[in-house]
Amino acid sequence: PGYGNAYVMPLTVSAPTNGLAITSMILGIVSLVFFCAWYLSLPAGITGIILGAIGLNQINKGNYSSASRGMAIAGLITAGIGIVVTLLLVIFVFSLFRTLSTYSYSSY
């Protein structure tokens, strides 16, 4: 009967998401959340920046979705902010301890 000429939708395959971009974004968020724990925040931030840069390089070469580009950029930004905030906190704490150690407490 009339079933032979049915319209078939073309199959579209979306580009895959870059795993390095996702990992960079997760590590950037971890770096921001745990900024008080510098021993977690700094390695997460540094690794997030490295993976974000590698992932962004792979995305620019092609074969990855545009959402991957946004995740890689978000990972770079959040990891960078996490590192800066952590370093500012560490500098503040060390300067605070140094200032407090210079005071002499005399007992009268």
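**A few points about the overall build of the chain**
Working step 1: Counting its secondary structure elements, the chain contains three helices and zero strands.
Working step 2: Put simply, the chain runs from its N terminus to its C terminus through helices and strands in the order α-α-α.
Working step 3: Evaluated residue by residue, the chain yields a buried proportion of 23% over its 108 residues.
Working step 4: In the chain, of all internal contacts separated by at least 6 residues, the share reaching a separation of at least 24 is 76%.
Working step 5: Carbon and sulfur atoms provide 71% of the accessible area of the chain, an area that totals close to 7,800 Å².

**Structural notes on a nonpolar patch on the surface**
Working step 1: Side chains of Ile-29, Leu-32, Val-33, Phe-34, Phe-35, Trp-38, Tyr-39, Leu-40, Ile-73, Ile-77, Ile-81 and Val-85 sit close together on the surface and give an oily, nonpolar patch of about 1,100 Å² of accessible area.
Working step 2: When contributions to the nonpolar patch are tallied by element, the ones reaching two or more residues are helix 1 (19-33), helix 2 (38-61) and helix 3 (66-102).
Working step 3: A total of four residues in the nonpolar patch trace back to one element, the largest contributor, which is helix 3.
Working step 4: You can see Leu-32 is positioned in helix 1.

**A closer look at the packing of helix 1 against helix 3**
What describes two packed helices is the angle between their axes and the distance between those same axes.
Working step 1: Between helix 1 and helix 3, the least distance of the axes is 7 Å, while the angle of their chain directions is 25°. Put simply, helix 1 runs roughly parallel to helix 3. Two packed elements cross with a definite hand, and for helix 1 against helix 3 that hand is left-handed. Mapping the contact onto sequence places Ala-21, Ile-22, Ser-24, Met-25, Gly-28, Ile-29, Ser-31 and Leu-32 in helix 1 and Ser-68, Met-71, Ala-72, Ala-74, Gly-75, Leu-76, Thr-78, Ala-79, Ile-81, Gly-82, Ile-83 and Thr-86 in helix 3.
Working step 2: Its residues assigned to classes, the contact of helix 1 with helix 3 shows 12 nonpolar, eight polar and no charged.

**With respect to the environment of Asn-63**
Working step 1: Here Asn-63 is to be found in the loop between helix 2 and helix 3.
Working step 2: Distance in space between the C-alpha atoms of Asn-63 and Thr-17 is 9.0 Å, their sequence separation being 46 residues.

Parameters and conventions
- Residues numbered from 1 in each chain as written.
- Predicted model: local features only at pLDDT ≥ 70, side-chain atom pairs only at ≥ 80, totals over all residues.
- Heavy atoms only, no water.
- Helix = DSSP H or I, 4+ residues; strand = E, 2+ residues; numbered from the N terminus.
- Buried < 20%, exposed > 50% of the residue type's maximum accessible area, 1.4 Å probe, protein only.
- Contact = heavy atoms within 4.5 Å.
- Areas by Shrake-Rupley, 256 points an atom, 1.4 Å probe, with all protein chains shown as cover.
- Patch = residues over 30% accessible without salt bridge, like charges linked within 9 Å, V, L, I, M, F, W, Y side chains within 5 Å.
- Salt bridge = Lys/Arg side-chain N within 4 Å of Asp/Glu carboxyl O.
- Axes fitted to C-alpha atoms, helices over the stretch in contact; angles between N-to-C directions.
- Parallel < 35°, antiparallel > 145°, perpendicular 65-115°, else oblique.
- Left-handed = near helix turned anticlockwise from the far one by under 90°.
- Nonpolar A, V, L, I, M, F, W, Y, C, P; charged D, E, K, R; others polar.

This is a description of form; function is not addressed.
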